[in-house]
Amino acid sequence: MSPRPSENGTEGDDEREEGEEEDTEDETNNNEEEDEEEDEPRLKYQRMGGTVPTLLSSDAASCVAVAERMIALGTHAGSVHILDFLGNQRIKEFRAHTAAVNDLCFDLEGEFIGSCSDDGSVVIISLFTDEKLKFEYHRPMKAIALDPDYSRKASRRFVAGGLAGNLYFNVKKWLGYRDQVLHSGEGPIHAVKWRTSLIAWANDAGVKVYDAANDQRVTFIERPRGSPRPELLLPHLVWQDDALLVIGWGTTIKIASIKTNQARGVNGSYRQITTSNMNQVDIVASFQTSYFISGVAPFGDSLVVLAYIPGEEDGEKEFSSSVPSRQGNAQRPEVHVVTWNNDELATDALPVLGFEHYKAKDYSLAHVPFTGSSYAGGQWAAGDEPLYYVVSPKDVVIAKPRDAEDHINWLLQHGWHEKALAAVEAGQGRSELLDEVGSRYLDHLIVERKYAEAASLCPKVLRGSAAAWERWVFHFAHLRQLPVLVPYIPTENPVLRDTAYEVALVALATIPSSHKDLLTAVKSWPPAVYSVLPVIAAIEPQLNTSSMSDELKEALAVLYEIDGQYDKAFALYADLMKPDIFEFIEKNNLHDAIREKVVQLMQIDHKRAVSLLIQYRDIITPAEVVSQLLASKKQCDSRYFLYEYLHSLFEVNPHAGRDFHDMQVELYAEYDKKMLLPFLRSSQHYMLEKAYEVCVNKELLSEQVFILGRMGNTKQALAVIIDKQGDIEEAVEFVSMQHDDDLWEELIRQCINKPEMVGVLLEHTVGNLDPLYIVNIVPNGLEIPRLRDRLVKIITDYRTETSLRHGCNDILKADIVNLLVKYYKEARRAIYLSNEEQESRSNMNNEGSNPMERAPVLKSMDAKSKTRAGGRCCICFDPLSIQGASMIVFFCCHAYHLHCLTDSTNNITTKKGIGVTSSDSYTNGDYIEDEDDENDQDTPSGGSRMRCVLCTTAAGG
């Protein structure tokens, strides 16, 4: 028996060594357990190369400053090197001091660089011009900050301070540069930072902020208690934005929010706000660390902290206010990414060269300025990622946030392929990574025997690569796991070689549990992408075997249909009882093929099957249909199918199934009793005795009455109606239809002793029998219910009938008279006809007359064919078509010359003293009415009307 598919694919051999797989699985599980404990770093690091290693091989770095396009590196020898971000190119180099450079600062535009040194000098150099300024203070200078708008303002302001304890504010005046001491007397100036108009500096007492726009101090933040002395562990200041100052001192970090009474104008200047209470300082965050702070920088909404870890044996001593040990036992410096609540997001130890011998103040941290708007959701916009520089005397390490590709590679290294693929699909990293990540993920899933998951992943990974798809199809075939891949194999974009599809389909055909997938594939795959013959050849040997499932049979039928073998496909569809088989028959004209599948078609849809069998009864005769249905008694309800078929056949052609009308009587009696009586009345091809027996067995009384009537047993039929049905009305109707006086006598005889029936008989025999006859033979003393009412009804009905007859006769007589009068009047009407040319001349001479208003001219020759005299005048017997003669034609079909009729009429009217109408008063086509016509009032008064001489004479006679 073939293996069944599991959730990970088809079980069974997959051509791999079991022991090897188990070892691989154990190793993978162990690696995953280790990886789960490891957090992904937030930063990635690289050692600055290019000219930096050569530069530091003979010198030592002391400080660093970063602008938007370059960095500046100060050394212990007093040199300042301007480099690109990666140290590959030395943009500029100048020896500014004779002692170690302690601090560097760019202006906002990156055009000027300021430096201070232990030699007591401050040097400001233009990077793009020859401008160079040097200021001597004669005491070691530790910190410097240029006005951010140094290059745009003529005042050329900067602040600087050192061991002398004075913070100098230098401004260019009309007479030259002038120093103003902003603060003094609280110990050396260790750090100074300038942002917008705010200047922050740190001395032994703490951190102070000065507002240069208002020329006033803003705040003082006390030095953290217990922190090491500043000369041993320097304080670190950094502006996160225009209002947030981050302070790292010893093991304490504070974040101060400063609100000033000035705002930046559109041209880069600062405008004053008069509100007096705008200078406010709030410590929005403050926390202690477990390490010494050697540098701090913003990281989006978090912080990057450079941590100095003292030696283990001196740990407790060093975390006191004493000096950190540097006798070769210091640990690697660490970069911590922390939130404002001191939640550790990431921690990385840096392999800095010579870290064992460095003190905390030997390290410095600087970052490329960036805008907070470029950081959203934990990610920077492309190209806006900040860079961090960790500087030690002999090494410079660059740190920058890990990008999407770093994240993906880290996930792959730790075996989290699914997360890596999800990251690539989310648009992180290059699109080319999808192939690499997907391929590694597929390999991982195959090793894990997660075949179904690997198959579902293929569309994402392989996409439109036909070669990759074919490679994995054959790989799954080698592993005997093709069934899980088939649902995902593409049939367009890309289209694979036909061999790949055929291999997949044959593999499905040989696995019983995959037959459903095979059916889905052959229905959905375009036939053009593969050849059906190899697949058919693989399925046909399984016909009539135990492995032949319905799904496999239907798949074979679909393949037959694709190959044009419609008869074979029809046979399989019929066996499968497919509802759409009738459309298949019509579509492919398979009416000859239905001969052997009558029973199956009836089982699928007997109504459509019956319609189909009757429509093509010349191909499959009723005898064949009936024989197949009778032979299928064990498979279905064949008698009901016979009833449906024979009933429909009888409605179409009553004689087509006459050989089976005896059977049809039984079927009607069983399935549709109300149709039996109409059938008995319509058919002449059933045996009366057998039909009567069926009706008796089924107790069908009306049908018994009908059959007995046809058999001539009318009295027995009448007895059934009266005795069994007790329906005297039906008995009367039955007797009326027989037209047999003896049967009326039998009806009266059977009802005469039943009072109720006598009453009903009296009511319903009006028009058939004389009610008095029934009344006279009713036995004396028989009480008939409602006799008086029934007699009254009989008399009323008789009177109503008599009245209706008289009324109808009167109406009929009146209609006859009216129609006769109408006909007589129509027959007496005449029409005047004249010669056309003569009439035309007459019309032309008639002034004021309009020819278009005359009645239509009738051709005189038309009268010839319509008159009784054969086209001759009924007085002179000359032809009517004599030239120049007008004529009169009556509707009785007698015609006269006008002058003949006029003369004859004059003779008659003269005797009566009535004037004669001149023939000139008639025009061609005029109707001449009789004097008794109802339109008499429209004719000229005093004129005599013409009559047909013959008809008038005949009427007068």
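Residues numbered from 1 in each chain as written. Predicted model: local features only at pLDDT ≥ 70, side-chain atom pairs only at ≥ 80, totals over all residues. Heavy atoms only, no water.

Structural notes on the overall build of the chain
Then, in step 1: In terms of regular secondary structure, the chain is built from 32 helices and 38 strands.
Then, in step 2: Every one of the 957 residues in the chain was classed for burial, and the buried ones make up 47%.
Then, in step 3: Carbon and sulfur atoms form 49% of the exposed surface of the chain, whose accessible area is close to 48,600 Å². (Helix = DSSP H or I, 4+ residues; strand = E, 2+ residues; numbered from the N terminus. Buried < 20%, exposed > 50% of the residue type's maximum accessible area, 1.4 Å probe, protein only. Areas by Shrake-Rupley, 256 points an atom, 1.4 Å probe, with all protein chains shown as cover.)

With respect to the pairing of strand 28 (residues 334-338)
Then, in step 1: Where burial is concerned, most of strand 28 is hidden: five out of the five residues are buried.
Then, in step 2: Burial along strand 28 is two-sided: the residues Glu 334, His 336 and Val 338 and Val 335 and Val 337 are all buried.
Then, in step 3: The pairing of strand 27 (residues 302-308) with strand 28 spans five bridges and is classified as antiparallel. The residue of strand 28 that forms the bridge with Leu 306 is Val 335. (Pairing = 2+ DSSP bridges.)

Some remarks on the pattern of salt bridges
Then, in step 1: With the rule as written, the count across this model stands at 18 salt bridges.
Then, in step 2: Glu 131 is the salt-bridge partner of Arg 156, the closest N and O atoms lying 3.6 Å from each other. Taken together, the residues Arg 156 in the loop between strand 12 (141-146) and strand 13 (158-162) and Glu 131 in the loop between strand 10 (121-126) and strand 11 (132-136) connect sequence positions 25 residues apart.
Then, in step 3: Arg 156 gets classed as buried once you look at its relative accessible area, which sits at 15%.
Then, in step 4: Owing to a relative accessible area of 27%, Glu 131 belongs among the partly exposed residues under this scheme. (Salt bridge = Lys/Arg side-chain N within 4 Å of Asp/Glu carboxyl O.)

Details of the packing of helix 23 (residues 701-711) against helix 24 (residues 714-725)
Then, in step 1: In the contact formed by helix 23 and helix 24, the axes pass within 7 Å of each other and the chain directions differ by 165 degrees. Judged by the inter-axis angle, helix 23 sits roughly antiparallel to helix 24. Viewed along their axes, helix 23 and helix 24 form a crossing whose handedness is left-handed. Here Leu 701, Ser 702, Gln 704, Val 705, Leu 708 and Gly 709 of helix 23 lie close against helix 24, whose contacting residues are Thr 714, Gln 716, Ala 717, Val 720, Ile 721, Lys 724 and Gln 725.
Then, in step 2: Broken down by class, the residue content of the contact of helix 23 with helix 24 amounts to six nonpolar, six polar and one charged. (Axes fitted to C-alpha atoms, helices over the stretch in contact; angles between N-to-C directions. Parallel < 35°, antiparallel > 145°, perpendicular 65-115°, else oblique. Left-handed = near helix turned anticlockwise from the far one by under 90°. Contact = heavy atoms within 4.5 Å. Nonpolar A, V, L, I, M, F, W, Y, C, P; charged D, E, K, R; others polar.)

Overview of the sheet that holds strand 17 (residues 198-202)
Then, in step 1: Taken in spatial order, the four strands line up as 16-17-18-19 in an open sheet, and their pairing is antiparallel. The sheet is open, and its two edges are formed by strand 16 (191-195) and strand 19 (216-222), each paired on a single side. Here the strands of the sheet are splayed against their neighbours by 15 degrees on average, with no regard to which way each runs.

Details of the environment of Val 486
Then, in step 1: Secondary-structure assignment places Val 486 in the loop between helix 9 (482-485) and helix 10 (498-509).
Then, in step 2: Considering only alpha carbons, one finds Val 486 and Ser 456, 30 residues apart in sequence, at a separation of 9.9 Å.
Then, in step 3: Those residues in contact with Val 486 that sit more than four places away from it in its chain are Ala 504, Leu 508, Ala 521 and Trp 525.

Thoughts on the sheet that holds strand 4 (residues 61-66)
Then, in step 1: As summarised here, the arrangement of the four strands in space is 4-5-6-7, forming an open sheet in which the pairing is antiparallel. The two strands at the open ends of the sheet, each matched to only one other strand, are strand 4 and strand 7 (90-95). Averaged over all pairs of adjacent strands, the angle between strand axes in this sheet comes to 15 degrees, irrespective of strand direction.
Then, in step 2: As defined by bridge partners, strand 5 (residues 71-75) adjoins strand 6 (residues 79-83) across four bridges and the pair is classed as antiparallel. Its bridge partner being in strand 6, Gly 74 is matched across the sheet by Val 80.

Some thoughts on the state of the cysteines
Defined simply, a disulfide is a covalent bond joining two cysteines at their sulfur atoms.
Then, in step 1: With the rule as written, the count across this model stands at zero disulfides.
Then, in step 2: The thiol of Cys 900 is unpaired, and the distance to the nearest cysteine sulfur, on Cys 876, comes to 3.6 Å. (Disulfide = S-S within 2.5 Å.)

Some thoughts on the packing of aromatic side chains
Then, in step 1: By the definition in use, this model includes 24 aromatic pairs.
Then, in step 2: Seen in terms of ring centroids, Tyr 501 and Trp 525 are 5.2 Å apart; in terms of plane orientation they differ by 70 degrees. Their pairing is edge-to-face. Of this pair, Tyr 501 sits in helix 10 while Trp 525 sits in the loop between helix 11 (515-524) and helix 12 (532-539), and the two are 24 residues apart along the sequence. For the pair Tyr 501 and Trp 525, one class covers both residues: buried. (Phe/Tyr/Trp six-rings, centres within 6.5 Å; stacked < 30°, edge-to-face > 60°.)

Comments concerning the packing of helix 13 (residues 550-562) against helix 14 (residues 566-575)
Then, in step 1: Interhelical geometry of helix 13 versus helix 14 gives an angle of 155 degrees and a closest axis separation of 8 Å. It follows that helix 13 is roughly antiparallel to helix 14 by the angle criterion. The crossing of helix 13 and helix 14 is left-handed. Residue-level contacts link Lys 553, Glu 554, Leu 556, Ala 557, Val 558, Tyr 560 and Glu 561 of helix 13 to Tyr 566, Lys 568, Ala 569, Leu 572 and Tyr 573 of helix 14.
Then, in step 2: Of the residues belonging to the contact of helix 13 with helix 14, the class tally is eight nonpolar, no polar and four charged.

Section: the nonpolar core
Then, in step 1: If you look at the biggest cluster of nonpolar residues, it comprises 109 residues, and the most contacted ones within it are Phe 476 and Tyr 645.
Then, in step 2: Not counting chain neighbours up to four residues away, the residues in contact with Tyr 645 comprise Met 602, Val 610, Leu 613, Ile 614, Thr 621, Pro 622, Val 625 and Val 626. (Core = buried A, V, L, I, M, F, W, Y, C linked by side-chain atoms within 4.5 Å.)

Concerning helix 11
Structurally, the α-helix is built with 3.6 residues per turn, so residues lying three or four positions apart point the same way.
Then, in step 1: Taken residue by residue, helix 11 has His 515, Leu 518, Leu 519, Ala 521 and Val 522 as its buried positions. Down the axis of helix 11, the buried side of the element spans an arc of 165 degrees, and every buried residue falls inside it. Opposite the buried face of helix 11, by more than 90 degrees, sit the exposed residues Lys 516 and Lys 523. (Arc of directions from axis to C-beta.)

Observations regarding unusual backbone geometry
Then, in step 1: A cis amide bond links Asn 493 with the next residue in sequence, Pro 494, at an omega value of 10 degrees.
Then, in step 2: Residue placement: Pro 494 occurs in the loop between helix 9 and helix 10.
Then, in step 3: Phi angles above zero are rare outside glycine, and Asn 589 is one such case at about 55 degrees.
Then, in step 4: For Asn 589, the position within the fold is in the loop between helix 15 (581-588) and helix 16 (598-604).
Then, in step 5: You can call Asn 589 exposed: its relative accessible area is 57%.
Then, in step 6: The phi torsion at Phe 877 lies on the positive side, around 60 degrees, for a residue other than glycine.

Things to note about the side chain of Thr 289
Then, in step 1: Mapped onto the elements of the fold, Thr 289 is located in the loop between strand 25 (280-288) and strand 26 (292-299).
Then, in step 2: Classification of Thr 289 by relative accessible area gives buried; the value is 11%.
Then, in step 3: For Thr 289, the side chain forms a polar contact with the main-chain oxygen of Tyr 291, separated by 2.7 Å. (Polar contact = N/O pair within 3.5 Å; in protein donor to acceptor, adjacent residues only side chain to side chain.)

A word on helix 4 (residues 404-413)
Then, in step 1: Every buried residue of helix 4 is accounted for by Ala 404, Asp 406, Ile 408, Trp 410, Leu 411 and Leu 412.
Then, in step 2: In the core, the buried residues of helix 4 are packed alongside strand 3 (43-47), helix 5 (417-425) and helix 6 (433-447).
Then, in step 3: Residue Gly 415 follows helix 4 closely and has a positive phi angle near 80 degrees.

Observations concerning the confidence of the model for the chain
Then, in step 1: Per-residue confidence for the chain averages 79 on the pLDDT scale, and 76% of its residues sit at or above 70.
Then, in step 2: The low-confidence segment residues 1-5 (pLDDT under 50) makes 13 contacts with residues lying over four places distant or belonging to another chain.
Then, in step 3: Low pLDDT (under 50) marks residues 846-865, which in the prediction has 22 contacts with non-local residues, meaning those over four places away or in another chain. (pLDDT = per-residue confidence, 0-100.)

Quick word on the side chain of His 190
Then, in step 1: As for its position among the elements, His 190 is in the loop between strand 15 (176-183) and strand 16.
Then, in step 2: Its relative accessible area of 9% is what places His 190 among the buried residues.
Then, in step 3: A distance of 3.5 Å separates the side chain of His 190 from the backbone oxygen of Pro 188, its partner in a polar contact.

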